[in-house]
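Report on the structure
Listed below are the residues making up each chain.
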Amino acid sequence: SRRILSGIQASGALHLGNYLGALKRFTQLQDAGAPCFLFVADLHAITVWQEPEKLAAQTREIAAAYLASGLDPARSVIFPQSAVRAHAELAWVFNCVARLGWLDRMTQFKEKSGKHKERASVGLYTYPVLQAADILVYKATEVPTGEDQKQHLELTRDIAQKFNNDFGVPGFFPIPDPVIQGPAPRVMSLRDGQAKMSKSDPSDLSRINLTDDADTIAAKVRKAKTDPEPLPETMEELEGRSEAKNLVTLYAALSDQTKEAVLAEFAGQGFGAFKPKLAEVAVAAMAPVTAEMRRLMADPAEIDRVLADGAERASAVADPVVDEVKRIVGFWRA
Ligand code: TYM
């Protein structure tokens, strides 16, 4: 049977890429009737330094974003990763299944560790192994994410396969399908059509944050990099115009239209006309989410109830899987 799982790191502000590539997609899957497990990846967050006095608030903020985007705690299980011990326990076993050569190929580690790899935390290196544990400890079948998680999801499949083979338990872990779909699996920076929108970009103008107000959103869209050509009639004609293509993609995703429909409306017009309209649809789509996040964050009691209840429901699924794994691996038990 279907089981959907995904996570978002508890490391600071969410942006439009997270919203369109992940949050909005989760809500669509939930509303289509799929059982969803969604967590706040706080164990992953500490692979780079996080101020201890801020971490819990960051966790609540992601939980607020889940709720504000339309996830319903009665139907979906929403929880903090660190509150379910099974993740870390399974990750250790998987550290002994995954090969160094596999991790050496991970491009995200190379990007995040930068020039001084020897100063990166060991956790940052083994990050994708924990991600595999997150997914497989629920025997998840589908993992919706943005494009940037593709390599990690392939590694998860390799780990599942190797565990099943090594221990002679075919099918014990299902081989989960990456679900990298939707209209905007890779939202690009507003300043550079070749770079993805990311919270680590030093320029705040490169992204629209979920907490930006209407004026800020309008200003960022106005300053977004474009080209002097008017919008064409077809998507093919946007090839090679990465910034223009990104803005059309954003308009389509934010207004729930196809890109073709957007071009049909704006073909022949320049960005001077298009940008204010884009800002309008961005504000219209995000303002209710932002307002609900603010409301939830003002009194964290509701969020805390959701997270505590979610942790209990998640543990009830994950703990028996780890118990099975311990038996399969051959650990002592009385
Ligand atoms: P994180 O916190 O970086 O991002 C959360 C989600 O947002 C998506 N995303 C984007 N989608 C479209 N365009 C963008 N520019 C963009 N930027 C981010 C990400 O793909 C992701 O879906 N490793 C994960 C967290 C994680 C996880 C997991 C996910 C931990 N364990 C298990 C799935 C399953 C991460 O860093 O996401």
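Residues numbered from 1 in each chain as written. Predicted model: local features only at pLDDT ≥ 70, side-chain atom pairs only at ≥ 80, totals over all residues. Heavy atoms only, no water.

Once that is clear, we can look at the overall build of the protein chain. Scanning the protein chain from terminus to terminus reveals 13 helices and five strands. A compact globule built from 334 residues should have a C-alpha radius of gyration of about 20 Å, and the protein chain, at 21 Å, falls within 12% of that. Overall, the C-alpha framework of the protein chain stretches about 75 × 45 × 40 Å when taken along its three principal axes. Counting all 334 residues of the protein chain, 50% fall into the buried class. When the accessible surface of the protein chain is totalled, it reaches about 15,500 Å², and 53% of it is carbon and sulfur. For the protein chain, the distance from the average site of its 40 positive side-chain charges to the average site of its 44 negative ones is 4 Å. (Helix = DSSP H or I, 4+ residues; strand = E, 2+ residues; numbered from the N terminus. Rg over C-alpha atoms; globule rule 2.2 N^0.38 Å. Buried < 20%, exposed > 50% of the residue type's maximum accessible area, 1.4 Å probe, protein only. Areas by Shrake-Rupley, 256 points an atom, 1.4 Å probe, with all protein chains shown as cover. Lys, Arg positive; Asp, Glu negative; His and termini not counted. Charge placed at Lys NZ, Arg CZ, Asp CG, Glu CD.)

Let us look at the site of the ligand. The immediate surroundings of the ligand are formed by 27 residues, with Tyr127, Asp134, Gly146, Asp148 and Val187 found nearest. Gln9 is positioned with one of its backbone polar atoms (N or O) 2.8 Å from an oxygen atom of the ligand. In the environment of the ligand, a nitrogen atom lies 2.8 Å from a nitrogen or oxygen atom belonging to the backbone of Val187. When the ligand is considered free in solution it has 710 Å² of accessible area, and contact with the protein chains removes 97% of it. (Near = heavy atom within 4 Å. Polar contact = N/O pair within 3.5 Å; in protein donor to acceptor, adjacent residues only side chain to side chain.)

On to the packing of aromatic side chains. Inspection of the entire model under this criterion finds 15 aromatic pairs. For the pair Tyr251 and Phe274, a centre-to-centre distance of 5.4 Å together with 35° between the ring planes defines the contact as tilted. A residue pair is termed long-range when its members are at least 10 positions apart, and Tyr251 in helix 10 (residues 242-254) and Phe274 in helix 12 (residues 271-298) qualify at 23 residues. Grouping residues by exposure puts Tyr251 and Phe274 together as buried. Relative accessible area serves as the criterion here: at 0%, Phe274 is assigned to the buried category. What links up through ring pairs into an aromatic cluster is the set Phe94, Phe163, Phe167, Phe172 and Phe173. Taking NZ or CZ as reference, Lys139 lies 3.9 Å from the ring centre of Phe172, over its face. (Phe/Tyr/Trp six-rings, centres within 6.5 Å; stacked < 30°, edge-to-face > 60°. Lys NZ or Arg CZ within 6 Å of the ring centre and 35° of its normal.)

Attention now goes to helix 9 (residues 214-223). Among the residues of helix 9, those classed as buried are Ile217, Ala219, Lys220 and Val221. Turning to helix 9, the residues buried within the fold contact helix 12. (Contact = heavy atoms within 4.5 Å.)

According to UniProt, the feature "short sequence motif: 'HIGH' region" (unreviewed entry) maps to residues 10-18 in the numbering used here. Helix and strand shares over residues 10-18 are 33% and 0% respectively, and the end C-alpha atoms of the span are 12 Å apart. (UniProt positions renumbered as here; feature names shortened; annotations may be inferred.)

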